[in-house]
Amino acid sequence: MASRVATARSLARGCWSAFLDYETPKVIVVRNRRLGVVYRAVQLLILLYFVWYVFIVQKSYQDSETGPESSIITKVKGITVSEHKVWDVEEYVKPPEGGSVFSIITRIEVTPSQTLGTCPESMKIHNSTCHSDDDCVAGELDMLGSGLRTGRCVPYYHGDSKTCEVSAWCPVEDGSSVSQFLGKMAPNFTILIKNSIHYPKFKFSNDWPVWKLHCTFDQDSDPYCPIFRLGFIVEQAGENFTELAHKGGVIGVIINWDCDLDLSESECNPKYSFRRLDPKHAAASSGYNFRFAKYYKINGTTTTRTLIKAYGIRIDVIVHGQAGKFSLIPTIINLATALTSIGVGSFLCDWILLTFMNKNKVYSHKKFDKVCTPRHPSSSWPVTLALVLGQAPPPPSHYSQDQPPRLTSGQGADQPLAVQPPWPCPISVPPEQMVDTFNQHIRERLPVPEPSQQDFLPTNPKGLAQL
C-alpha cells in the first residue's frame, strides 16, 4: 500500500513538473537533399491549394450571404386544340394566379353530367365485385371508393360483371369518362418568369431584365432572356414531351444568382437550369395528375357537375444563390490559416527524420535538449532572476555567504568568476559523446585566465575546470 502511495505521489510530482516546463523550438539544419525536396514539395502543394482553390475558386477573402429574398411572377401564353374544342390560357393553367408553382394541363379524362344518386361502384375499387346482394354490406363505406354502399349487387356499366351499388355522384369516374389530349400545340407555349432578388446583408437588389421583352431564351445567343418555350424546358430536362404530356410530371426551373459584388452590378445575372423533380418510375403513382369539377344546374333545379381528371406538366421555379464581397476579417483568417498550414511540411519531415532515417537517434539527440536551472541560495530577487535566465547577476554591494568565488592568483585576481548558465540535464547519449560534450561545455562556459608575469607555467584550462 505504501509503495502505491509513493508511486502515485511520484507520478503526480512528475506531471506537475512537466506542466510547469517551458518549451522553445530549436533550429537544426539537416543537409539531406531528399528530405529537402519533400519539405519544399509539401510547402508548394499547400501554397497552391490556398492560392488557387481557397482564394481564387472559393473566394474566401469575401464575406458571403446565401439564400436571397426572392419574388416570382409567372405568365403563360398560348392556344391549343383537342378533339372537341379550342383551349386557351384560362382553361389549361392551374392555378391562374401566376405564382412560382403552376400546372399546364396536357390531357384530361372527363366524366360529364354527374348527379347525386345510386349507381354501380367502379371495378377498380377493392372488393367491389359481387354475385348477389349477400356480398354487399349496406352502409359500408370504403375510403378509397366512390360512395356509401346500399347493399344491392347490380350489373356494371358494360359487360356481364356486377358490382355493389353505391350512393354517390353518378355515374362514377371509371364508368363513362372520355379522354382528350391537349398537348398537340403545348410545346410552343411561352412562359414569362419575372424574378427579383435582394441580399439584405449587402443591401443589394436586382430585378428581372426588363429590357428583355421580345426574346426567347437560348443558352448561347440569349442566356438572360426570361421567356421560355415549354418544349425547350422539357427537352433541357431530358424528357420526351409526348410521354410527359400523357402521364404528367414535375419540372424544376432552377435560377441561380451567384453574384460577385466586387464587380459591377451589371455582372450579377441569373443562370438557368432545368431538371425533372418527381420520381419518373415510381411504382405507387408515376406522373402527375389532379381532379377538379365544374358545377351547373339543369332546369334550375338539378345540380350537375362535370368531373375532370387532369394530367399535366407542373413547373416549380426554384431560386437560390450566393453573394460575396471583399471583407478584411475573412481575408486575415484565411491568410493566418494558410501560414499555419505551411508548418505541416515541417511536422511531416520531422516525423520522417526521427522515424525512417538511418541516423534517427543522432537526429533525436540533436533536436531535443533538456536544460535544468540550478538552485542557488540568494537573498536578492535580481540574482535569482538572472540565474534562471542564465545571465550574470548584478554586482552586489556587500558580499555575504552568497558572495561568488574569486580568483586567488594570476591576472584578474580578486575578480568574481562568471556565473554559469544552467547546465544541461543528463540525457541518454553515447558514452564517447558524453565526455566530449562535457569537456566542450566546460571549455565554453568557464573563462581561461591569462598567465601572470610571475608564473612561467601556462595555465591548463582543464585544470581550471577541475577546480
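Residues numbered from 1 in each chain as written. Predicted model: local features only at pLDDT ≥ 70, side-chain atom pairs only at ≥ 80, totals over all residues. Heavy atoms only, no water.

Turning to the protein chain, the UniProt record has this under Subunit (unreviewed entry): "Homotrimer and heterotrimer; functional P2XRs are organized as homomeric and heteromeric trimers. Homotrimer. Forms heterotrimer with P2RX1. Forms heterotrimer with P2RX6. Forms heterotrimer with P2RX3." (UniProt positions renumbered as here; feature names shortened; annotations may be inferred.)

Colleague: Quick question: what am I supposed to make of the environment of Tyr288 here?
Modeller: With respect to the element layout, Tyr288 can be found in the loop between strand 14 (271-276) and strand 15 (289-298). Between the C-alpha atoms of Tyr288 and His246, which are 42 residues apart in sequence, the distance is 9.5 Å. A distance of 3.0 Å separates polar atoms of two side chains, one belonging to Tyr288 and the other to Ser103. (Helix = DSSP H or I, 4+ residues; strand = E, 2+ residues; numbered from the N terminus. Polar contact = N/O pair within 3.5 Å; in protein donor to acceptor, adjacent residues only side chain to side chain.)

Colleague: Mind showing me how you'd approach the UniProt feature "glycosylation site" (unreviewed entry) in the protein chain here?
Modeller: As recorded in UniProt, the feature "glycosylation site" (unreviewed entry) lies at Asn188. Judged by relative accessible area, which is 52%, Asn188 ranks as exposed. (Buried < 20%, exposed > 50% of the residue type's maximum accessible area, 1.4 Å probe, protein only.)

Colleague: How should unusual backbone geometry be read in this particular structure?
Modeller: For residues other than glycine, phi is negative in most cases, and the peptide bonds are mostly trans. Look at the link from Lys94 to Pro95: it is a cis peptide, with omega at -15°. Among the secondary structure elements, Pro95 is positioned in the loop between strand 5 (93-94) and strand 6 (101-120). You will see that Ser113, though not glycine, has its phi angle at about 50°, which is positive. By the secondary structure assignment, Ser113 is in strand 6. Positive phi is not limited to glycine here, since Lys203 has a value of about 55°. Here Lys203 is to be found in the loop between strand 10 (190-199) and strand 11 (204-206). With relative accessibility at 74%, the residue Lys203 sits in the exposed group.

Colleague: How should the state of the cysteines be read in this particular structure?
Modeller: When the sulfur atoms of two cysteines share a covalent bond, that bond is a disulfide. If you walk through the whole model with that rule in mind, you get 5 disulfides. Between the sulfur atoms of Cys119 and its disulfide mate Cys170 the distance is 2.0 Å. Residues Cys119 and Cys170 are joined by a disulfide whose S-S torsion is about -75°; by sign, that bridge is left-handed. Taken as a pair, Cys119 in strand 6 and Cys170 in strand 8 (residues 162-170) lie far apart in primary sequence, 51 residues in all. (Disulfide = S-S within 2.5 Å.)

Colleague: Honestly, the packing of aromatic side chains in this entry has me stumped. Any pointers?
Modeller: Geometry of an aromatic ring pair is reported as the spacing of the ring centres plus the angle between the planes. Counted according to the given criterion, the structure contains 16 aromatic pairs. Residues Tyr156 and Tyr157 carry aromatic rings whose centres are separated by 5.2 Å and whose planes lie at 70° to one another, so their mutual orientation is edge-to-face. Given a relative accessible area of 7%, Tyr156 falls into the buried group. Tyr157 gets classed as partly exposed once you look at its relative accessible area, which sits at 29%. Ring centres of Phe228 and Phe274 lie 5.8 Å apart, and the angle between their planes is 75°; this geometry places the pair in the edge-to-face category. Taken together, the positions of Phe228 in strand 12 (residues 227-229) and Phe274 in strand 14 put the pair 46 residues apart, joining distant regions of the chain. On the basis of relative accessibility, which here comes to 0%, the residue Phe228 falls in the buried class. (Phe/Tyr/Trp six-rings, centres within 6.5 Å; stacked < 30°, edge-to-face > 60°.)

Colleague: I keep staring at the environment of Lys280 and nothing clicks. Help me out?
Modeller: Here Lys280 lies in the loop between strand 14 and strand 15. The class of Lys280 is partly exposed, set by a relative accessible area of 35%. Distance from Lys280 to Glu239, taken between C-alpha atoms, is 9.9 Å for residues 41 residues apart in sequence. Not counting chain neighbours up to four residues away, the residues in contact with Lys280 comprise Glu239, Glu243 and Ser286. Side-chain polar atoms of Lys280 contact the side chain of Glu239, separated by 3.4 Å. (Contact = heavy atoms within 4.5 Å.)

Colleague: Explanation requested: the UniProt feature "binding site: ATP" (unreviewed entry) in the protein chain in the structure shown.
Modeller: In the numbering adopted here, UniProt assigns the feature "binding site: ATP" (unreviewed entry) to Lys75, Val76, Lys77, Thr190, Asn289, Phe290, Arg291 and Lys309. Within the secondary structure, Lys77 sits in strand 2 (residues 69-77). The class of Lys77 is exposed, set by a relative accessible area of 60%. Setting aside its immediate chain neighbours within four residues, Lys77 contacts Val89, Tyr92, Phe189 and Thr190. If you trace the backbone, Phe290 turns up in strand 15.

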